[in-house]
Every structure is written in C-alpha cells, then in structure tokens.
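# Secondary and tertiary structure notes
Here is what each chain is made of, one letter per residue.
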Amino acid sequence: MGLSELSGSTSMRACLRIFLRICAAAVLCISVPASAGDSGENRFDAIIDEVAGTYNVDPLLIKALVWHESRFDPLAKGCSGEIGLMQIKMVVVQDWAEAKGVKIPSRAEVFDPYVNIEIGTWYFARALNKWRESTHALLLALGEYNAGPGRLRRWISRCNGNKELAISRSASADYVKSIRNKYLEYAIEQAGVLASSAEHGNWKTAFSR
C-alpha cells in the first residue's frame, strides 16, 4: 500500500473500517501480533476515545500516533524538548492554551496523560482540518505533526506543489508509513474483537467503541 492510500476522503477511511469488520466477521481468525495487547498499549484507551471523539478524529489513529511517539510511556522525553505520550513541544502547548483561552500548563503538567493527549489531538486535528480540502489530507497532517508547518510548506514548494511527492520524499516519509502500519494493525485487531463478540452474542461489547 502506497502513501496515497492512507489519505483520501473520510468516507473512504470509514469504508476501510467497515470492510475490515466484515472480513473479520466472515473468517473469525484474524492474526494480530501477540504484543499488540500485552505491552500496556490499551491502558490509555479511555482517554484517547474521549479526546478523539471531541475532535472528531479516529481514536485508533491517535493511538497509533501515541505508539510511534512514545510507546505509551507518559514520561517520555524527546531530544528537542518533546514531552510525554504524544511528544508535545511547549510552543504547541502555548498555541493550545491561547486557542482555548486558558492558562498555559507547566511543563510538569504536560506529562499528565489526559493533558498530553488533549493537546496532541488538538494539534493533529487542527492540521487535519487545515488540509481537509486535499486528497492527501491525512498524509499532510501527519507530516505537519512530525515536522511542523514551516518545514512541510518548504517540502511542498520544492516539489512544485505536489503534496504527495513532497511527503514521500521528505524526512517524514518513514514516520507516516510507520503510523499507517500501526493504524491498520489496530483496525484489524478491533475488527477481530468486534467479530468475536458478535459471534458470542455480546453485542454491547461488540459495538461499544
């Protein structure tokens, strides 16, 4: 699957999720890496679901971002001052506080999982909304989250406005692919859970997410 297949319209992504669930229901034997649910990857699901719902972003995509950025370590620190689960920089924290009209959280407060996921999801959703008219909106939003809006604009300019080419040739190309693969893994895992729950008559569990 190429980078372009990760982007496209919201309806296309919704269709992908539905397709995966149908496949899982049909075979009930989807193979998921053993580590997916055994390394604490689910412990922040409730926060991710709540915050992602607020910003109308797929929670599995935010979860894939968290996985890539910190491997679910809330105390993770980056080499350039990034903080916590979603590796937030304080300049983003300041932008968030200004947009929300609230006091800027301290660096220590940004390590809090809820605060970190709130700010990171807000930042990603803002980028996604910025590029919503592009067929490569998701690629561009991931590239902006990783590299910042300035570098993204320079990449696009160097490729004469070809946004997909700009991402595929950029320093964020592997980043985007990594998140894509983890996102699809989570989608398939959830499809298997849905199908298994439905098979055993537990419809409440099957459709709780």
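Model, not experiment: these values are computed from the prediction.

For helix H2 (residues 45-54), every residue scored as buried is listed here: Asp45, Ile48, Val51 and Ala52. Taken around the axis of H2, the buried residues stretch over an arc of 140°, which confines them to a single face. The outward face of H2, more than 90 degrees from its buried face, is lined by the exposed residues Ala46, Gly53 and Thr54. Remark: Asn56 follows H2 within two positions and exhibits a positive phi of approximately 55°.

The N-to-C vectors of H2 and helix H6 (residues 113-130) enclose an angle of 35°; their axes lie 10 Å apart at closest approach. In this structure, H2 crosses over H6, and the sense of that crossing is right-handed. Residue-level inspection shows Ile47, Ile48, Glu50, Val51 and Ala52 of H2 in contact with H6, the latter providing Pro113, Tyr114, Ile117, Glu118 and Thr121. A breakdown of the residues in the contact of H2 with H6 according to their chemical character gives seven nonpolar, one polar and two charged.

So, on to the layout of surface pockets. As a volume, the second largest pocket reaches approximately 370 Å³. Of all the secondary structure elements, the ones that give two or more residues to the lining of the second largest pocket are helix H4 (90-100) and helix H7 (137-147). Class assignment for the residues of the lining of the second largest pocket results in nine nonpolar, five polar and six charged.

Moving on, we come to the environment of Lys100. Its location among the elements puts Lys100 in helix H4. Setting aside residues no more than four positions away along its own chain, Lys100 makes contact with Tyr55, Glu118 and Trp122. Separated by 2.8 Å, the side chains of Lys100 and Tyr55 make a polar contact.

Their axes nearest at 8 Å, the elements H6 and H7 cross at an angle of 135°. By the angle between their directions, the pair H6 and H7 is classed as oblique. For the crossing formed where H6 meets H7, the hand is right-handed. Contacts from Gly120, Tyr123, Phe124, Ala127, Leu128 and Lys130 of H6 reach H7 at Ala137, Leu138, Ala141, Leu142, Glu144 and Tyr145. In terms of residue class, the contact of H6 with H7 is made up of nine nonpolar, one polar and two charged.

The rules behind each value
Residues numbered from 1 in each chain as written. Predicted model: local features only at pLDDT ≥ 70, side-chain atom pairs only at ≥ 80, totals over all residues. Heavy atoms only, no water. Buried < 20%, exposed > 50% of the residue type's maximum accessible area, 1.4 Å probe, protein only. Helix = DSSP H or I, 4+ residues; strand = E, 2+ residues; numbered from the N terminus. Arc of directions from axis to C-beta. Axes fitted to C-alpha atoms, helices over the stretch in contact; angles between N-to-C directions. Left-handed = near helix turned anticlockwise from the far one by under 90°. Contact = heavy atoms within 4.5 Å. Nonpolar A, V, L, I, M, F, W, Y, C, P; charged D, E, K, R; others polar. 1 Å grid on protein atoms, 1.4 Å probe; cavity = no way out; pocket = protein on both sides within 12 Å on 5 of 7 lines; lining within 4 Å. Points joined across faces, edges and corners; volume = space filled by probe spheres on them. Polar contact = N/O pair within 3.5 Å; in protein donor to acceptor, adjacent residues only side chain to side chain. Parallel < 35°, antiparallel > 145°, perpendicular 65-115°, else oblique.

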